[in-house]
Amino acid sequence: MKDFNWIYIIICILIGFLTYNRCALDFWGSLLMVIMGFLIIVAAGFNWLILIFIFLILSLLATKYKKNYKKSMKLYEGRRNARNVISNGIIPFIMASFSYYDGFLGGFIGSVATATADTLASEIGVLQTPRLITDLTREVKPGTDGGVSLLGTAAGIIGAGIIGLSAYFLNICPNPLISVKIAVIAGTIGCFMDSILGALFERKNYINNEQVNLLATVTGAAAGIILLHF
């Protein structure tokens, strides 16, 4: 258990209020984020929570980008709920909760990078006509489950890289090369896993978007744990 200052809890509550007030999360999503944030502070430290806040900020900016265009295409997701918080945040939360095991550091960075890469790839990638990941010769409508584009992929990789650099500057990972390596590779693997699951299963209604996101972050976490030792 890490020592913490109560000011961190106040900041956590304030950010939860802001995410609700800015329509990033609904009430239950914001409340759940505050509870998970409090537990992450206790288990790992405030700097680990800041990395998740960076993911939230990047996600909010990407979601708001070209908002009117997305609305015209009926692709604007807007306010997210508790299910979104769980699907994207439960694996980073578990990794942070076991931060005293060295391997889980890689899992934390990998899962946050995956959530970031996937969100940026989805929100920015819709601005370009995508192709189905299981058949790259086939163009599909923007927003199609399993669709990938060069623009979205590039945005996802950049987002993962930002998470890697942030993890280093926040003193979560002491080596910048290792931190960026984990974030970019694990984040990209997890992001592509999201697209593959979307193409193979979500399009057929076997699983939903939240389940896809959860499995993608599990993949990113597993890749991060492995990459930490190579």
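A brief look at the structure comes next.

Thresholds, definitions, all that
- Residues numbered from 1 in each chain as written.
- Predicted model: local features only at pLDDT ≥ 70, side-chain atom pairs only at ≥ 80, totals over all residues.
- Heavy atoms only, no water.
- Helix = DSSP H or I, 4+ residues; strand = E, 2+ residues; numbered from the N terminus.
- Rg over C-alpha atoms; globule rule 2.2 N^0.38 Å.
- Buried < 20%, exposed > 50% of the residue type's maximum accessible area, 1.4 Å probe, protein only.
- Contact = heavy atoms within 4.5 Å.
- Areas by Shrake-Rupley, 256 points an atom, 1.4 Å probe, with all protein chains shown as cover.
- Lys, Arg positive; Asp, Glu negative; His and termini not counted.
- Charge placed at Lys NZ, Arg CZ, Asp CG, Glu CD.
- Axes fitted to C-alpha atoms, helices over the stretch in contact; angles between N-to-C directions.
- Left-handed = near helix turned anticlockwise from the far one by under 90°.
- Nonpolar A, V, L, I, M, F, W, Y, C, P; charged D, E, K, R; others polar.
- Pairing = 2+ DSSP bridges.
- Expected span 1.5 Å × (residues − 1).
- Core = buried A, V, L, I, M, F, W, Y, C linked by side-chain atoms within 4.5 Å.
- Parallel < 35°, antiparallel > 145°, perpendicular 65-115°, else oblique.

**Re the overall build of the protein chain**
Within the protein chain, the secondary structure is distributed over nine helices and three strands. When the elements of the protein chain are put in sequence order from the N terminus, they spell out α-α-α-α-α-α-β-β-β-α-α-α. Relative to the compact-globule value of 17 Å for 230 residues, the protein chain shows a C-alpha radius of gyration of 17 Å, a close match. A principal-axis box enclosing the C-alpha atoms of the protein chain has dimensions of 55 × 45 × 30 Å. Within the protein chain, the proportion of its 230 residues that are buried is 50%. Contacts in the protein chain between residues at least 24 apart in sequence constitute 70% of all its contacts with a sequence separation of at least 6. When the accessible surface of the protein chain is totalled, it reaches about 11,500 Å², and 67% of it is carbon and sulfur. Of the side-chain charges in the protein chain, 17 are positive and 12 negative, and the distance between the mean point of each set is 8 Å.

**Description of the packing of helix α7 (residues 150-169) against helix α8 (residues 176-202)**
Between α7 and α8, whose axes approach to 8 Å, the crossing angle comes to 145 degrees. In this structure, the crossing between α7 and α8 has a hand that is right-handed. Along the contact surface, α7 presents Thr153, Ile157, Ala160, Gly161, Ile163, Gly164, Leu165, Ala167 and Tyr168, while α8 presents Pro176, Ser179, Val180, Ala183, Val184, Gly187, Thr188 and Phe192. Here the residues of the contact of α7 with α8 sort into 11 nonpolar, six polar and no charged.

**Concerning the side chain of Glu123**
Position of Glu123 relative to the elements: it lies in helix α6 (residues 103-125). Ignoring sequence-local partners within four residues, the contact set of Glu123 consists of Ala62, Thr63, Lys70, Glu77 and Arg80.

**Concerning the environment of Asn209**
Along the polypeptide, Asn209 turns up in helix α9 (residues 209-227). A C-alpha to C-alpha distance of 9.5 Å links Asn209 and Leu197, two positions 12 residues apart in sequence.

**Observations concerning the pairing of strand β2 (residues 135-139)**
A regular strand places its side chains so that they alternate between the two faces of the sheet. Sparse coverage of β2 is indicated by the burial of zero of its five residues. Note that strand β1 (residues 131-132) and β2 share two bridges and pair antiparallel. Opposite Leu132, over in β2, you have Asp135 as the bridge partner. The hairpin formed by β1 and β2 contains two residues between the paired strands.

**A look at α7**
With 20 residues, α7 extends 29 Å between its outermost C-alpha atoms, agreeing within 8% with the 28 Å of an ideal straight helix rising 1.5 Å per residue. Of the surrounding secondary structure, the elements contacted by the buried residues of α7 are α3 (46-64), α6 and α8. Phi for Asn171, located one or two positions after α7, is positive at around 65 degrees.

**Concerning the nonpolar core**
Counting 42 residues, the largest nonpolar core has Trp48, Leu51, Phe108 and Ile172 as the members making the most contacts within it. Put simply, the parts of the chain that give this core at least two residues each are α1 (6-21), α2 (27-43), α3, α5 (82-97), α6, α7, α8 and α9. Per-element accounting of this core gives the leading share, eight residues, to α6. Residues in contact with Phe108, not counting those within four places in the same chain, are Trp48, Leu51, Ile52, Pro92, Met95, Ala96 and Ile172.

**Some words on the packing of α5 against α6**
Two elements in contact, α5 and α6, have axes whose closest approach is 8 Å; the angle formed by their N-to-C orientations is 165 degrees. When the axis of α5 is compared with that of α6, the two are roughly antiparallel. In this structure, α5 crosses over α6, and the sense of that crossing is left-handed. Contact residues: Asn88, Ile91, Pro92, Met95 and Ala96 in α5; Phe104, Gly107, Phe108, Ser111, Val112 and Ala115 in α6. Within the contact of α5 with α6, the residues separate by chemical class into eight nonpolar, three polar and no charged.

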